[in-house]
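The chain contents come next:
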Amino acid sequence: MDSQKSFDFILIGSGPGGATLTRQLARAGKRVLLLERGHDWRSNPLYGTYPGAMLYTEKASFLATKEGLNIIRPFLLGGATSMYCACAAPPLPWWSSKHGIELDKYANDTVKELNVAPLPVDLRGVASTRIAEAAAEIGQLWQPQDKFMSPARATQFKCRSTCMLGCRCGAKWNAAEYVDEAISAGAEVWTRAFVDKILIENRQVCGVSGKHGRKHFTVYAGTVIAAAGGIGTPRILQRSGLSGAGQGMTMDTTVMVYGHAPYKGIGNEPPMTWSYTDDELGAMFSTLIDPWLNYPVIMLRKKPAYALTWHRWGHTLGVMIKLKDEISGFVPVNGRISKGLTANDKARLQRAEKITVQILRKAGCNPDTIFTTPVRGTHPSGTVRIGDMLTTDLATEIKNLYVCDASVFPEALARPTVLTIISLAKRLAEKLKVAK
Ligand SMILES: Cc1cc2nc3c(=O)[nH]c(=O)nc-3n(C[C@H](O)[C@H](O)[C@H](O)COP(=O)(O)OP(=O)(O)OC[C@H]3O[C@@H](n4cnc5c(N)ncnc54)[C@H](O)[C@@H]3O)c2cc1C
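Residues numbered from 1 in each chain as written. Predicted model: local features only at pLDDT ≥ 70, side-chain atom pairs only at ≥ 80, totals over all residues.

Asks: An account of the overall build of the protein is requested, with residue identities and associated values reported.
Replies: Scanning the protein from terminus to terminus reveals 11 helices and 17 strands. Seen through its principal axes, the protein has C-alpha atoms that stretch 65 × 45 × 45 Å. Burial analysis of the protein (436 residues in total) assigns 53% to the buried set. Counting contacts in the protein only where the partners sit at least 6 residues apart, residues at least 24 apart contribute 75% of the total. (Helix = DSSP H or I, 4+ residues; strand = E, 2+ residues; numbered from the N terminus. Buried ≥ 20, exposed ≤ 12 C-beta atoms within 10 Å, placed from the backbone. Contact = placed C-beta atoms within 7 Å.)

Asks: Give a description of helix α10 (residues 343–362) that names residues and reports values.
Replies: The first and last C-alpha atoms of α10 sit 29 Å apart over 20 residues, in line with the 28 Å expected at 1.5 Å per residue. For α10, the full list of buried residues reads D345, R348, L349, A352, I355, T356, I359 and L360. Along the long axis of α10, the arc covered by the buried residues comes to 140°, so they all point the same way. α10 presents A343, A347, Q350 and K354 as exposed residues on the side facing more than 90 degrees away from its buried surface. Packing partners of the buried residues in α10 comprise α5 (126–137), β10 (254–260), β12 (283–287) and β13 (316–323). A positive backbone phi angle near 105° is found at G364, which sits one or two residues after α10. (Expected span 1.5 Å × (residues − 1). Arc of directions from axis to C-beta.)

Asks: So what's going on with the site of the ligand? Residues and values would help.
Replies: Near the ligand there are 40 residues, and of these G13, G15, G79, G229 and G232 occur at the shortest range. Elements that contribute at least two residues to the shell around the ligand include exactly α1 (16–27), β6 (193–201), α7 (229–239) and α11 (418–435). If one sorts the elements of the shell around the ligand by residue count, α7 sits on top with 4 residues. Residues of the shell around the ligand, tallied by class, amount to 23 nonpolar, 14 polar and 3 charged. (Near = placed C-beta within 6 Å. Nonpolar A, V, L, I, M, F, W, Y, C, P; charged D, E, K, R; others polar.)

Asks: Tell me about the pairing of β12, residues and numbers included.
Replies: Among the 5 residues that make up β12, 5 are buried, leaving the element largely enclosed by the rest of the structure. Of the two faces of β12, the one lined by A283, F285 and T287 and the one lined by M284 and S286 are each fully buried. Strand direction decides the pairing type here: strand β11 (residues 274–278) and β12, joined by 4 bridges, are antiparallel. The residue of β12 that forms the bridge with S275 is S286. Between the antiparallel neighbours β11 and β12 lie 4 residues, among them G282 with a positive phi of about 80°. Two strands pair when backbone bridges link them, and β12 and β13 are joined in this way by 5 bridges, in the antiparallel orientation. The residue of β13 that forms the bridge with F285 is I321. (Pairing = 2+ DSSP bridges.)

Asks: Pulling in residues and values, what's your account of the domain arrangement of the protein?
Replies: Segmentation of the protein into domains returns domain 1 (1–114 + 173–249 + 380–436) and domain 2 (119–152 + 254–324 + 341–374). Here the C-alpha centroids of domain 1 and domain 2 sit 30 Å apart. Listed as interface residues are 14 residues of domain 1 and, on the opposing side, 16 residues of domain 2. Of the residues assigned to the side of domain 1 that touches domain 2, the class counts are 11 nonpolar, 2 polar and 1 charged. (Domains from an automatic or database assignment.)

Encoded structure:
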């Protein structure tokens with residue numbers, strides 16, 4: 001199918017990068033097409049359930065790198081914000097000091113627009129707050145975590161660990177809402193539209209081709225912006241002839257440390273209500289536990305014996321460690337991703353685990369029950385990096401081809417990514433509106 005329609009802009013992917021740009025450009029009166037490979041699951045009864053989460057993640061959430069790192073990769077309108085913990089962190093100072101990329105005004109604007117703030121004291125969870133207090137006893141001053149979440153938005157606020165499968169109560173903001181606003185401003189949006197290639201003529205972009213449902217399509221535009229995420233974008237670029245994409249990646253590689261407490265655990269409390277970042281070590285700590293049914297499956301990956309701790313889930317305290325991992329591995333166009341931990345990553349992760357064990361002991365966990373889960377990743381990023389493949393304006397070597405998603409990160413954030421990605425997208429939208 002050759003679409004006769006042509007657009008000013010084509011956006012690939014509806015995560016925070018693609019959704020924000022689509023809305024901003026449509027509001028500026030541009031003719032915009034957004035192409036998203038997933039469905040809009042929000043009104044589906046399976047959204048936010050265990051079977052739903054298996055249907056809208058790659059390989060039913062069993063995707064793993066060659067080195068055994070498990071990756072959760074959602075495919076649906078709103079991208080990974082449809083399954084996130086709604087944590088927000090401001091862009092790090094190095095965006096400005098190292099790269100001259102000023103993001104603060106866009107981040108501040110977003111914080112106001114989306115009412116980003118910590119949950120009220122009574123919703124931060126008794127056990128989660130106890131972990132934060134225990135951390136303070138060893139000198140780590142955890143802070144209430146800022147959230148893209150407001151109990152007032154919810155039909156009935158029900159945020160607990162299962163809300164990571166998809167928010168059913170409506171408390172969390174999701175990038176699909178920016179897509180709705182873009183449609184109201186005139187943008188065209190195709191879901192189930194998988195982009196195979198970006199079309200390039202004389203080193204200038206002219207459109208994209210792919211499959212919409214079962215039909216092949218080609219659509220044309222003066223400017224194309226790849227926002228298909230840290231794995232999707234490098235693959236599309238490689239298929240389009242930009243072979244340098246996907247060489248090296250960051251993941252904010254994550255483990256959880258669990259311990260059995262003599263009181264109710266954090267499973268029925270909102271995830272990640274408290275956190276602490278140690279930038280010298282390169283690690284973020286926060287309160288988190290796997291949802292009830294995911295827990296034994298993840299433990300089986302460690303050793304079958306650990307699955308037997310499932311009965312303790314209701315009395316388990318969990319601390320998530322997110323590591324600022326080094327750039328390593330690669331995303332091939334087909335086949336398995338390579339990403340593990342470097343020797344330096346492993347050494348720092350061990351130090352972070354020791355600290356966490358101390359916290360859980362202080363919080364009252366039986367020391368014999370404390371253990372660490374296998375490694376996983378929910379922030380694939382740094383695969384089409386600023387400085388290597390992109391200018392600080394997110395432009396590629398191909399005229400009018402840009403990238404705006406987690407793949408542009410020049411290094412790992414070891415923090416929530418979404419506020420930074422929205423800020424990058426608002427900044428790029430402003431530049432593109434001026435330039436056109
Ligand atoms: C369980 C979980 C919890 C998280 N919690 C937080 C949190 O609390 N706070 C935070 O800031 N971050 C969190 N994150 C991470 C954050 O959600 C992601 O880093 C962020 O959404 C990445 O944005 P993006 O625009 O790069 O891409 P994505 O959000 O990954 O969106 C990319 C989109 O592109 C689509 N796509 C891919 N390939 C193609 C193609 N070929 N054609 C068309 N469409 C394509 C995908 O379907 C997807 O919808 C979490 C992630 C997960 C999985």
